[in-house]
Structures are given as structure tokens and as C-alpha cells.
Amino acid sequence: MKIYFATGNINKVKEAKIILGDEFEVEQIKIEYPEIQGSLEEVAEFGARYVYEKLKKPVIVEDSGFFVKALKGFPGTYSKFVYETIGNKGILKLLEDVDDREAYFKSVIGYCDEFGVKLFIGKVDGKVSIEERGTEGFGYDPIFIPKGYNKTFAELGVEEKSKISHRKKAFEKFKEFLKFKKS
Ligand code: IMP
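Every value quoted in this text rests on a predicted model; they were computed, and no experiment measured them.

Peer 1: How would you explain the pairing of strand S5 (residues 102-113) if you had to name every residue and give the values?
Peer 2: By the criterion of burial, S5 is predominantly enclosed, with 10 of the 12 residues buried. Note that strand S3 (residues 59-68) and S5 share 10 bridges and pair antiparallel. Residue pairing across strands places Asp63 opposite Val108, the latter belonging to S5. Sheet analysis places S5 next to strand S6 (residues 116-128), joined by 12 bridges and oriented antiparallel.

Peer 1: Explain the pattern of salt bridges to me, and be specific about the residues and the numbers.
Peer 2: Enumeration over the complete set of coordinates arrives at 18 salt bridges. Among the ionic pairs, Glu27 bridges to Lys2, the shortest N-O distance being 2.7 Å. Taken as a pair, Glu27 in strand S2 (residues 25-29) and Lys2 in strand S1 (residues 2-6) lie far apart in primary sequence, 25 residues in all. Overall, the relative accessible area of 28% leaves Glu27 in the partly exposed class. Its relative accessible area of 37% is what places Lys2 among the partly exposed residues.

Peer 1: Can you tell me about the site of the ligand, naming the residues and giving the values?
Peer 2: Not every one of the 16 residues close to the ligand is listed here, only the nearest: Lys12, Ser64, Asp141, Lys161 and Arg167. Between an oxygen atom of the ligand and a side-chain N or O atom of Asp63, the distance comes to 3.1 Å. Between the ligand and the protein, one listed contact pairs an oxygen atom with a side-chain N or O atom of Lys161 at 2.8 Å. Burial of the ligand by the protein chains amounts to 93% of its free accessible area of 480 Å². Mapped onto the shell around the ligand, the elements with two or more residues apiece are S3, helix H3 (79-85) and helix H6 (166-182).

Peer 1: Now, about the pairing of S6: what can you tell me, with residues and values included?
Peer 2: In this antiparallel pair of consecutive strands, S5 and S6, the connection spans 2 residues. Strand direction decides the pairing type here: S6 and strand S7 (residues 144-146), joined by 3 bridges, are antiparallel. Among the inter-strand pairings, Lys127 is bridged to a residue of S7, identified as Ile145.

Peer 1: With reference to specific residues and values, describe helix H2 (residues 40-55).
Peer 2: With 16 residues, H2 ought to run about 22 Å at 1.5 Å a step, and its terminal C-alpha atoms sit 22 Å apart, in line with that. Backbone geometry just downstream of H2 places Lys56 in the positive-phi region, at approximately 55°.

Peer 1: Residues and numbers for unusual backbone geometry, please.
Peer 2: Pro75 follows Phe74 through a cis peptide bond whose omega is 0°. Although it is not a glycine, Lys56 adopts a positive phi angle of roughly 55°. Along the chain, the position of Lys56 falls in the loop between H2 and S3. Unusually for a residue other than glycine, Asp97 sits at a positive phi of about 65°. Looking at where Asp97 falls in the secondary structure, it is placed in the loop between helix H4 (87-94) and S5.

Analysis parameters
Residues numbered from 1 in each chain as written. Predicted model: local features only at pLDDT ≥ 70, side-chain atom pairs only at ≥ 80, totals over all residues. Heavy atoms only, no water. Buried < 20%, exposed > 50% of the residue type's maximum accessible area, 1.4 Å probe, protein only. Helix = DSSP H or I, 4+ residues; strand = E, 2+ residues; numbered from the N terminus. Pairing = 2+ DSSP bridges. Salt bridge = Lys/Arg side-chain N within 4 Å of Asp/Glu carboxyl O. Near = heavy atom within 4 Å. Polar contact = N/O pair within 3.5 Å; in protein donor to acceptor, adjacent residues only side chain to side chain. Areas by Shrake-Rupley, 256 points an atom, 1.4 Å probe, with all protein chains shown as cover. Expected span 1.5 Å × (residues − 1).

The following block contains the structure:
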């Protein structure tokens, strides 16, 4: 079964392939969609519908964000912009001398076919590290330590990350839905 994944981020495609396994073939399509200002759910729903209307084939998009408790959820829905501007160093700077380092990642997959949109959500709790560590992954991976671990996502690497990540949880739910749909 083929899944069309509309994204410009090759790392997300790599993770989706690891998580979905051999049963499903993931094909990246580079159709851009407007990232409306809103919640991750609103962005994913709008994007999935938009790309489906262009492609006329079942498609997924994924919107994710990094939420830091001591910063009242910032960067959250601004994660992409914040990463591209102040980056990981900027987040660490904002958290200098802050003891509460709790944070989480959230992923929302929007799937659209002729019956409309369905959303699949995953979240992983953890904390922000004191310094950037590790070389694998992308985005905030070098500064996020998942709960129960002492390594960042960038140190754990994509295979380990993909057993516990927000994306793993969202794609597992999507996988269950696909299996149900097939049967
Ligand atoms: P997007 O809008 O879903 O592409 O993601 C927002 C931003 O969050 C991206 O630019 C990444 O910097 C960051 N991000 C999303 N998912 C991850 C992840 O799994 N690890 C690290 N950073 C991520």
C-alpha cells in the first residue's frame, strides 16, 4: 500500500518509513501548502485537504511542534520560524538558569481522501538539555532528552528515536487506521 507524504522535510520521510515498515510504501511528494496560522491540528487539517484537492489521491501531511513548559509552550506552533531564527542556541539561552526544563514534542498527521480528513496525534514528554548534544536527526533533536533516557534524540539516533517519538505515536495510530480500512 502506497502512502503519499506531502513534505519538504526528508528527515520526516525517513522516520515515517522506519515507523511504517515494509507493509506500507511511503512516497514523498513536494506539493507546498499554505501553513495557516493556527494550532497544529488546524494546520494539518488545512494542509491535507489542500494537497488532496490538487493531487486527488489519498495523502498525508504532518505538522509538529516543540513546547517548553517554562516558556509557556513557546516555540509551539512557531517552532519552524524559531528554529530558523534563534535556533537551539537561542532556546538554551532563554532557559539559562531555569531549573524547570520540562518540554514535549507533538506531531499531528492529517490524512485526506475522498471521505474527508482524519487526524492522528502523538506526543513525547522529556526535558531540554543544558547544551546541544549529538549529531543525528534534525531541528530540536540535539536539545531534547526524552523521559526515561539520558541522551538527546540526536545522540540516540533515528532508529532509537523512532521507537518512542511523537511521530512514532502518531504514525502508529495512522497505521492502525490503515489496517482497519484495508480489512
Ligand atoms: P513542521 O512545521 O512540522 O515542519 O515542524 C516545525 C519545526 O519543529 C521544524 O522546523 C523542526 O525544527 C521542529 N521539529 C519537528 N519535528 C521535530 C523532531 O522530530 N525533532 C526535532 N525537531 C523537530
